[in-house]
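This is what each chain is made of:
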Amino acid sequence: MHPKLSPNYFVAVLALVLAIPPATARGGDGAPVTMPSKGRGDGVLAQPLHWAEPFKRINVRGAYVSVIQRDNQIELWNVQWDGMNPAGTIAERNPLTVVRGPDLEHLGPEIVVQQLRPLIDDVADPKNPAATGGKPSLAPGRAMTRPAVIYDSKEGYILSGCVVPEYLPGTAPLLPAIFTSPLGEPGSFKYHGILKPEPLDLSLKRGSPVWCDGGGVVRLPGGTWRLYANNYLENYLSAAEAPTLGGPWKFLRDSEGKLRNLTARYADAKHGTEFPSVLRVSEKEWHAWVSNGWPVREIHHLYSTDGLDWVPYGQQPEITPESVGGRDIKCIRAHVSADGKQIVGLLSIFEKWSDGEAQWVSHVSRMPVGPPPAK
């Protein structure tokens, strides 16, 4: 558990939220603002570029699904959002969930592992500046989104994502934070807080909120941790590193001392880096997927040999609404198959769930591991 924060910290966060400019368009977690279909509009799944087959629906809801392979089974982790459980109390509307099974086609029921909102204790209420003892109260609508779950042999389950006082894209900070659990058992996750010092401080200092869409964490060979994060540099991907999950987290910088732009060779205002997701296949093979626009107009696939310098993975964009029958798309989450030969991708498509309501549903396809195809 992270150290208790001083009242001055809460005041600083509160000042940031209250000084925020009017909303700008950012990606949401609920229904997209439906754009005119550029595809056939018939819902037929075509074969997206580079993937071996059309994306096939599986019985998993949510946009940001992480896959872990342990004990001869597959686990699909996600953090759900308020609208998914409108009948529950406010504390029950931001659950960490898991679905397990022998493979992606044979999955069990969704299990609620942890209600996250009651654990988040460092996100102040922007609507209640006056509080007992001069310490602002916690935001009632605080939550985590953009989750990524990994399993580490020493730390156990690590849930990284971003916390927000209330879901108002463009008008509230969305900042990286971490939860951990040794075994991933229900009720066992502990909150380690918004990552400090730089992931928090840079948002406080710049005068407008960072709206970070995550990116995930990885353990590097020497034991150092690396966090990927977008929008600290607008429309680009950056990274912070720390000796432990508790920090201190410091961003990688270039020779001029500025935040290092990892996607300078590709991402820009035209391409974007919304909903980034990084996959390390080996020390010499890294893949990343980033979305462009909201509603998402296209998903791009990037490649790196060191996880720092990213180039397009062959012809791009890789996925568009046209390639999924004109449906709304959001992002890709990927993992390596158990035999190490394939990248397995989960694409989120907005369509009807079993209860008749439309929401993000996962669809699966595969491609071989390895460098980009020859042009």
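Before going into details, it helps to say that this report is about the structure given with it. (Residues numbered from 1 in each chain as written. Predicted model: local features only at pLDDT ≥ 70, side-chain atom pairs only at ≥ 80, totals over all residues. Heavy atoms only, no water.)

### Overview of the side chain of S348
Phase 1: Within the secondary structure layout, S348 lies in strand β19 (residues 342-352).
Phase 2: Given a relative accessible area of 1%, S348 falls into the buried group.
Phase 3: For S348, the side chain forms a polar contact with the main-chain nitrogen of C331, separated by 3.1 Å. (Helix = DSSP H or I, 4+ residues; strand = E, 2+ residues; numbered from the N terminus. Buried < 20%, exposed > 50% of the residue type's maximum accessible area, 1.4 Å probe, protein only. Polar contact = N/O pair within 3.5 Å; in protein donor to acceptor, adjacent residues only side chain to side chain.)

### Observations regarding the side chain of T320
Phase 1: Positionally, T320 belongs in the loop between β17 (311-312) and β18 (329-336).
Phase 2: Polar side-chain contacts of T320 include one of 2.8 Å to the side chain of E322.
Phase 3: What T320 contacts, discounting residues up to four positions off in sequence, is R297, E298 and I329. (Contact = heavy atoms within 4.5 Å.)

### Digging into the layout of surface pockets
Phase 1: Considered as a void within the structure, the largest pocket measures approximately 730 Å³ in volume.
Phase 2: Residue lining of the largest pocket: 28 residues in total, with V67, V149, I150, L279 and A334 positioned closest to the centre.
Phase 3: Mapped by element, the contributors of at least two residues to the lining of the largest pocket are β2 (66-70), β6 (143-152), β10 (217-219), β14 (274-282) and β18.
Phase 4: When the residues that make up the lining of the largest pocket are grouped by side-chain class, the tally is 17 nonpolar, seven polar and four charged. (1 Å grid on protein atoms, 1.4 Å probe; cavity = no way out; pocket = protein on both sides within 12 Å on 5 of 7 lines; lining within 4 Å. Points joined across faces, edges and corners; volume = space filled by probe spheres on them. Nonpolar A, V, L, I, M, F, W, Y, C, P; charged D, E, K, R; others polar.)

### Thoughts on the pattern of salt bridges
Phase 1: For the coordinates displayed, the defined rule picks out 13 salt bridges.
Phase 2: For E110, the salt bridge identified is with R61, shortest N-O distance 2.6 Å. In this pair, E110 is assigned in the loop between β4 (95-101) and β5 (111-115) and R61 in strand β1 (residues 56-61), connecting sequence segments 49 residues apart.
Phase 3: Given a relative accessible area of 34%, E110 falls into the partly exposed group.
Phase 4: Here the salt bridges share partners, and the residues they tie into one network are R57, R327 and E351. (Salt bridge = Lys/Arg side-chain N within 4 Å of Asp/Glu carboxyl O.)

### Side note on the environment of I68
Phase 1: Along the chain, I68 falls in strand β2.
Phase 2: Under the relative-accessibility criterion, I68 is labelled buried at 5%.
Phase 3: Taking the C-alpha atoms as reference points, I68 and H335, separated by 267 residues in sequence, lie 8.1 Å from one another.
Phase 4: When residues no more than four places from it in sequence are discounted, the contact partners of I68 are Q73, I74, E75, W77, V149, I150, Y151 and Y157.

### Let's talk about the pairing of β6
Phase 1: Along β6, eight of the ten residues are buried, which leaves the element largely enclosed by surrounding structure.
Phase 2: Here eight bridges tie β6 to strand β7 (residues 156-164), and the two strands are oriented antiparallel to one another. What sits directly across from T145, in β7, is C162.
Phase 3: Hairpin connection between β6 and β7: a loop of three residues separates the two successive antiparallel strands. (Pairing = 2+ DSSP bridges.)

### A look at the sheet that holds strand β3 (residues 73-79)
Backbone hydrogen bonds hold the strands of a sheet together, and the pairing may be parallel or antiparallel.
Phase 1: The four strands are arranged β2-β3-β4-β5 in an open sheet whose pairing can be described as antiparallel. Of all strands in the sheet, those bounded by a partner on one side alone are β2 and β5. The sheet shows a mean angle of 25° between the axes of neighbouring strands, taken without regard to direction.
Phase 2: With six bridges connecting them, β3 and β4 associate as antiparallel partners. The partner of W77 across the bridge, within β4, is V98. (Axes fitted to C-alpha atoms, helices over the stretch in contact; angles between N-to-C directions.)

### Some points on the packing of aromatic side chains
Phase 1: Tallying each qualifying case throughout the model produces 13 aromatic pairs.
Phase 2: Centre to centre, the rings of Y151 and Y157 are 5.1 Å apart; their planes meet at 65°, and the pair counts as edge-to-face.
Phase 3: Look at Y157 and you get buried, because its relative accessible area is 1%.
Phase 4: Grouping aromatic residues by their ring pairs yields a cluster made of Y64, F275, W294, F350 and W360.
Phase 5: Positioned above the aromatic ring of Y151, the side-chain terminus of R70 is 3.9 Å from the ring centre.
Phase 6: We note K330 situated over the ring of F275; from NZ or CZ to the ring centre the distance is 5.1 Å. (Phe/Tyr/Trp six-rings, centres within 6.5 Å; stacked < 30°, edge-to-face > 60°. Lys NZ or Arg CZ within 6 Å of the ring centre and 35° of its normal.)

### Describing the sheet that holds strand β13 (residues 250-251)
Phase 1: Taking strand neighbours across the sheet as the criterion, the four strands line up as β10-β11-β12-β13 in an open arrangement whose pairing is antiparallel. Because the sheet does not close on itself, it has two edges, and the strands there are β10 and β13.
Phase 2: Pairing geometry for strand β12 (residues 237-242) and β13, over two bridges, is antiparallel. Residue A240 lies in a different strand from β13, and its bridge partner there is F251.

### Side note on unusual backbone geometry
Phase 1: Omega for the bond connecting G247 with P248 falls within 30 degrees of zero, at 0°, which places this linkage in the cis form.
Phase 2: Mapped onto the elements of the fold, P248 is located in the loop between β12 and β13.
Phase 3: Of note, the amide linkage connecting W294 to P295 takes the cis form, showing an omega dihedral of 0°.
Phase 4: Locating P295 in the fold gives a position in the loop between β15 (285-292) and β16 (298-304).
Phase 5: One non-glycine residue with positive phi stands out, namely F275, at about 50°.
Phase 6: Looking at where F275 falls in the secondary structure, it is placed in strand β14.
Phase 7: Taking relative accessible area as the criterion, F275 reaches 1% and is therefore assigned buried.

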